[in-house]
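Remarks on the overall topology
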Amino acid sequence: MKLLKDILYKARIEEVVGSTNVAIENIVFDSREAVEFSVFVAVRGTQVDGHNFIDKAIENGSMAVVCEELPSEPVENITYVRVKDSAEALAYMASNFYDHPSKKLKLVAVTGTNGKTSVVTLLHQLFTDLGKKSGLLSTVVNKIGIKEIEASLTTPDTVQINQLLQQMVDEGCEYAFMEASSHAIVQHRTTGLDFDVAIFTNISRDHLDYHGSFNNYIAAKKMLFDNLPQHAHALINNDDRHAEVMVQNTKAKVETFALKSLANFKAKILENQLTGLQLILDEKELYTKLVGRFNAYNLLAVYGTGMTLGIDQLELMTAISSLNPVDGRFQHIQSPNGVTGIVDYAHTPDALENVLSTVQGIRGGNESVIVVVGCGGDRDAGKRPEMAQIAARYGDRVLLTSDNPRTEDPDAIIEDMKKGLDPVGLKKALTITSREEAIKTACALSQPGDIILIAGKGHETYQEVNGVRHHFDDLEVLNEQFNELK
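Residues numbered from 1 in each chain as written. Predicted model: local features only at pLDDT ≥ 70, side-chain atom pairs only at ≥ 80, totals over all residues. Heavy atoms only, no water.

A few words on helix α8 (residues 214–226). For α8, with 13 residues, the first-to-last C-alpha span of 18 Å sits near the 18 Å given by 1.5 Å per residue. Those residues of α8 lying buried are Tyr217, Ile218, Ala220, Lys221, Lys222, Leu224 and Phe225. (Helix = DSSP H or I, 4+ residues; strand = E, 2+ residues; numbered from the N terminus. Expected span 1.5 Å × (residues − 1). Buried < 20%, exposed > 50% of the residue type's maximum accessible area, 1.4 Å probe, protein only.)

Here we take up the sheet that holds strand β5 (residues 38–41). Either a parallel or an antiparallel arrangement is found when strands of a sheet pair, and the pairing is made through backbone hydrogen bonds. Pairing is mixed in the open sheet, where five strands are placed in the order β2-β7-β6-β5-β4. Looking at strand neighbours, the two that pair on one side only are β2 (13–17) and β4 (26–28), the edges of this open sheet. In this sheet, adjacent strand axes meet at a mean angle of 20 degrees when their direction is disregarded. Pairing of strand β6 (residues 64–67) with strand β7 (residues 79–83) involves four bridges; the strand directions are parallel. Across the sheet, the residue bridging to Ala64 is Thr79, located in β7. Strands β4, β5, β6 and β7 of the sheet are contacted by helix α3 (residues 86–97), whose axis makes an angle of about 160 degrees with β4. (Pairing = 2+ DSSP bridges. Axes fitted to C-alpha atoms, helices over the stretch in contact; angles between N-to-C directions. Contact = heavy atoms within 4.5 Å.)

What follows covers the packing of aromatic side chains. Aromatic ring pairs are reported here in terms of the distance separating the ring centres and the angle at which the planes meet. Taken as a whole and judged by the stated rule, the model has seven aromatic pairs. For the ring pair Phe127 and Phe177, a centre distance of 5.1 Å and an interplane angle of 55 degrees mean the geometry is tilted. Residue Phe127 is located in helix α4 (residues 116–129), and its partner Phe177 is located in strand β12 (residues 175–179); the two are separated by 50 residues in the primary sequence. Of the two residues, Phe127 and Phe177, neither departs from the other in class, the shared state being buried. Their ring planes at 50 degrees and their centres at 6.2 Å tell us that Phe214 and Tyr217 sit as a pair that is tilted. Of the two residues, Phe214 and Tyr217 both sit in helix α8, three residues apart, roughly one turn of that helix. Pairwise contacts between aromatic rings join Phe127, Tyr175 and Phe177 into one cluster. (Phe/Tyr/Trp six-rings, centres within 6.5 Å; stacked < 30°, edge-to-face > 60°.)

We now examine the packing of α4 against helix α10 (residues 293–308). In contact at an axis separation of 9 Å, α4 and α10 are set at 45 degrees when each is read in the N-to-C sense. By the angle between their directions, the pair α4 and α10 is classed as oblique. Considering only the axes of α4 and α10, their crossing is right-handed. Along its contact with α4, which presents Ser118, Val119, Leu122, Leu123, Leu126 and Phe127, the element α10 presents Asn298, Ala301, Val302, Thr305 and Gly306. (Parallel < 35°, antiparallel > 145°, perpendicular 65-115°, else oblique. Left-handed = near helix turned anticlockwise from the far one by under 90°.)

At a minimum axis distance of 6 Å, the contact between helix α13 (residues 384–394) and helix α14 (residues 410–418) shows a crossing angle of 65 degrees. Remark: the crossing between α13 and α14 carries right-handed chirality. Contacts between α13 and α14 involve Arg384, Pro385, Met387 and Ala388 from the former and Ile413, Asp416 and Met417 from the latter. Of the residues that constitute the contact of α13 with α14, the class distribution is five nonpolar, no polar and two charged. (Nonpolar A, V, L, I, M, F, W, Y, C, P; charged D, E, K, R; others polar.)

Here it is, written out as structure tokens:
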């Protein structure tokens, strides 16, 4: 239990009605979770305004309310604190309430369009292998040490983040690695956290349905680096043309990694095969089980972080060479008759092109590449034609299908995708709304030696339709079909 006045530190207070000398046992921003001795923070969301639920929170037991606009009829004996920005205030309050757990860990954030999950997962795997107890906050799973906690968002809400970080501290973790999505950054879910390293992987078109424009999307990512403390390190992909913009206003020490340009941490690809990558990394030869140029960048980010955090170089390289691929990221299997199946999370034009260019780099030349791809509903529709266009550019056959249609008509999404196809692309393409049937068809069309890429879902084991998640696993369906290929 803490006093309200103590957890309001750094919240930009504009007015107080009542006493802040109130005992608080928890912080909530959902009125349904309000109980006695809780403070309710009224946050303005994209769909719901918390100010409309202040009375409900008080009915449920809240002793205090933090808001941007005071109610016209305040309730007696309730403390009201008016702040400049409720979401920002919530972040600082959560950090204060849990005694600033981010300051007790070496906290690393990863942002970018692609690679966030891979980099944080590889970092957690690496530091665990090095015997350093670590925590993980990712799209796929949250971990405290090796204990798994189910993840529902790319970045949890700010109260959950601080709760989890405090649990990591209590469990003896030294390090924590977390994804920082653009949504989370602009919604202040990462505000108030004390980062030691922030990594920028890359940026390309994504989430424009939320941010409105590519410039706004860049600005959202940039906020993470703008707010870094002086003691932190900003580790950026110097081969991305937006890298310098990301750190132009940062107070942190800037370090770079690259395959093509000058950088603090540099690598060169010697071999790229389905069995793995062979690299020259900082003038030393390194073999890794990970595949593809995009994974070379991920490994550079991992290596740069390890070096920045003071890990011995030889120890670091030895551990990197033993890293296992991340589930749902260029995850490949082979059928009994020699067809290669690849499942990858690629759900943006840039990610799809990265994966398909990797496929082109490892193919022998005579085999066919069959691409199964869809686009999510209720998301940026502008990328749909681009995704189909890229699939047709690299693939010999393309199957356009469903990928979490949500509240949209899946056939309408596929029609949007087809707009990106020229006459040659249209001849290559089949439209099969059922994702299961599309994967089955891809397998039926394949010949020994062919490569099937199933893109968009990766680690996800569901299809979301009209607010309901139905079990669906690309890898599961692919395995079933491959068992029938003799």
